Amino acid sequence: MRLVVARCQVDYAGRLTAHLPMATRVLMLKADGSVLVHSDGGSYKPLNWMSPPCSVREATTDEGQVEWVVTSKGDDTLRILIEEIHHDSEHDLGIDPGLQKDGVEKHLQELLAEHPASLADGLTLVRREFPTAIGPVDLMCRDAEGLSVAVEVKRRGEIDGVEQLTRYLELLNRDPALTRKGAVRGIFAAQEIKPQARVLATDRGIACAVVDYDALRGMDDSEHRLF
């Protein structure tokens, strides 16, 4: 991984255009080929990024400034004009073992992978741990109309989980292979969803699904209920 702290200007051109005026930012070039632009605010979400695979070409402008031109496989471009570099270093992070979920959350994900229709009628599983540049989506599914659906699974649904799924959806909706029939939508699934998380998810067009863990495990047998 290469980390660069620099005063820079960033321009993105693709399905839309975006401009970041000259300011000091962190530029991250990861071994998987992704490029991310971070500020000192806004928590963990990058200001802009390019998903792998992409190519990076470094050149010098007529004014003597360094410019990186990052191009994706879909010909989107991220132009980073660097005025001054404060720090530039490279680090070998090795192989990451991945996020270790607790037993209940991991088992919940496995059960939902086996029974995706419990989240929404007609939902079928495409793949567990669907890879993105910032980590794997728990479940990638397809609905009855053939549209892609990303599912984030938590034991307790809080705002951080909604933010995480939002970042995944922003990346996934840049992939033309997933958006041929329409935008990728999201489902936030948990045993319990906090009211603030539900409000945020609804505001961002993300569906919420409260999951009955015991029912999925087959413990909630209707034949043994009194009512």
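Preceding block: the structure.
Analysis parameters
- Residues numbered from 1 in each chain as written.
- Predicted model: local features only at pLDDT ≥ 70, side-chain atom pairs only at ≥ 80, totals over all residues.
- Heavy atoms only, no water.
- Helix = DSSP H or I, 4+ residues; strand = E, 2+ residues; numbered from the N terminus.
- Buried < 20%, exposed > 50% of the residue type's maximum accessible area, 1.4 Å probe, protein only.
- Contact = heavy atoms within 4.5 Å.
- Areas by Shrake-Rupley, 256 points an atom, 1.4 Å probe, with all protein chains shown as cover.
- Polar contact = N/O pair within 3.5 Å; in protein donor to acceptor, adjacent residues only side chain to side chain.
- Salt bridge = Lys/Arg side-chain N within 4 Å of Asp/Glu carboxyl O.
- Pairing = 2+ DSSP bridges.
- Axes fitted to C-alpha atoms, helices over the stretch in contact; angles between N-to-C directions.
- Core = buried A, V, L, I, M, F, W, Y, C linked by side-chain atoms within 4.5 Å.

Novice: Honestly, the overall build of the protein in this entry has me stumped. Any pointers?
Specialist: A tally of regular secondary structure across the protein gives 4 helices and 12 strands. Seen along its three principal axes, the alpha-carbon backbone of the protein occupies a region of about 80 × 35 × 30 Å. Looking at the 227 residues of the protein, the share that counts as buried comes to 40%. Restricting to contacts in the protein with at least 6 residues of sequence separation, those with at least 24 account for 50%. Surface summary for the protein: the accessible area is close to 12900 Å², and the carbon and sulfur share equals 50%.

Novice: Looking at this structure, I do not really get the environment of E192. What am I missing?
Specialist: In this structure, E192 sits in strand β11 (residues 185-193). The exposure class assigned to E192 is partly exposed, which follows from its relative accessible area of 37%. Separated by 36 residues in sequence, E192 and R156 place their C-alpha atoms 5.0 Å apart. Setting aside anything within four residues of it in sequence, one finds E192 in contact with R155, R156 and G157. A polar contact of 3.5 Å, which involves the side chain of E192, links it to the side chain of K194.

Novice: Whenever I open this one, the pattern of salt bridges confuses me. Can you help?
Specialist: By the definition in use, this model includes 10 salt bridges. In this structure, E152 engages K154 in a salt bridge whose closest nitrogen and oxygen atoms are separated by 3.4 Å. Between E192 and K194 there is a salt bridge, with its nearest N and O atoms 3.5 Å apart. Owing to a relative accessible area of 27%, K194 belongs among the partly exposed residues under this scheme. Here the residues in one salt-bridge network are R2, E58 and D88, joined through shared partners.

Novice: Would you explain the sheet that holds strand β12 (residues 207-210) in this entry?
Specialist: In a beta sheet, neighbouring strands are held together by backbone hydrogen bonds and run either parallel or antiparallel to one another. If you trace the 5 strands from one edge of the open sheet to the other, you get β8-β9-β10-β11-β12, paired in mixed fashion. The outermost strands of the open sheet, each flanked by one partner alone, are β8 (124-130) and β12. Recorded for the sheet is a direction-independent mean angle of 30° between the axes of neighbouring strands. Direction of pairing for strand β9 (residues 137-142) relative to strand β10 (residues 148-157): antiparallel, over a ladder of 4 bridges. Considered in β10, the bridge of R142 is made with S148. Together, β8, β9, β10 and β11 form the strand contacts of helix α2 (residues 159-172), whose direction differs from that of β10 by roughly 165°.

Novice: How should I be thinking about the environment of Y168 in this particular structure?
Specialist: Assignment of secondary structure puts Y168 in helix α2. Along the primary structure Y168 and G186 are separated by 18 residues, whereas in three dimensions their C-alpha atoms are 9.1 Å apart. Apart from the residues within four sequence positions on either side, Y168 is in contact with T132, I134, G135, P136, V137 and E152. Side-chain polar atoms of Y168 contact the side chain of Q164, separated by 3.0 Å.

Novice: What is the right way to look at the nonpolar core in this model?
Specialist: A general feature of soluble globular proteins is that nonpolar side chains tend to end up buried together. Core analysis: the biggest nonpolar cluster contains 18 residues, and A150, V162, L172, F188 and I206 have the highest contact counts within it. Among the secondary structure elements, those contributing two or more residues to this core are β9, α2, β11 and α3 (195-203).

Novice: Explain the sheet that holds strand β1 (residues 2-13) here, please?
Specialist: The strand order β4-β3-β2-β1-β7-β6-β5 describes an open sheet built from 7 strands, whose pairing is antiparallel. The sheet is open, and its two edges are formed by β4 (48-50) and β5 (54-60), each paired on a single side. For this sheet the average axis-to-axis angle between neighbouring strands, irrespective of direction, equals 30°. Note: strand β6 (residues 66-72) against strand β7 (residues 77-90), 6 bridges, orientation antiparallel. From the neighbouring strand, V69 faces β7, where its bridge partner is R79.

Novice: Explanation requested: the pairing of β7 in the structure shown.
Specialist: On a regular strand, one side chain projects to one face of the sheet and the next to the other, so that they alternate. For β1 and β7, the ladder comprises 12 bridges, and the chain directions are antiparallel. Paired with R2 across the strands is E90, a residue of β7. As consecutive antiparallel partners, β6 and β7 are separated by 4 residues, and within that stretch D75 has a phi angle of approximately 70°, a positive value.

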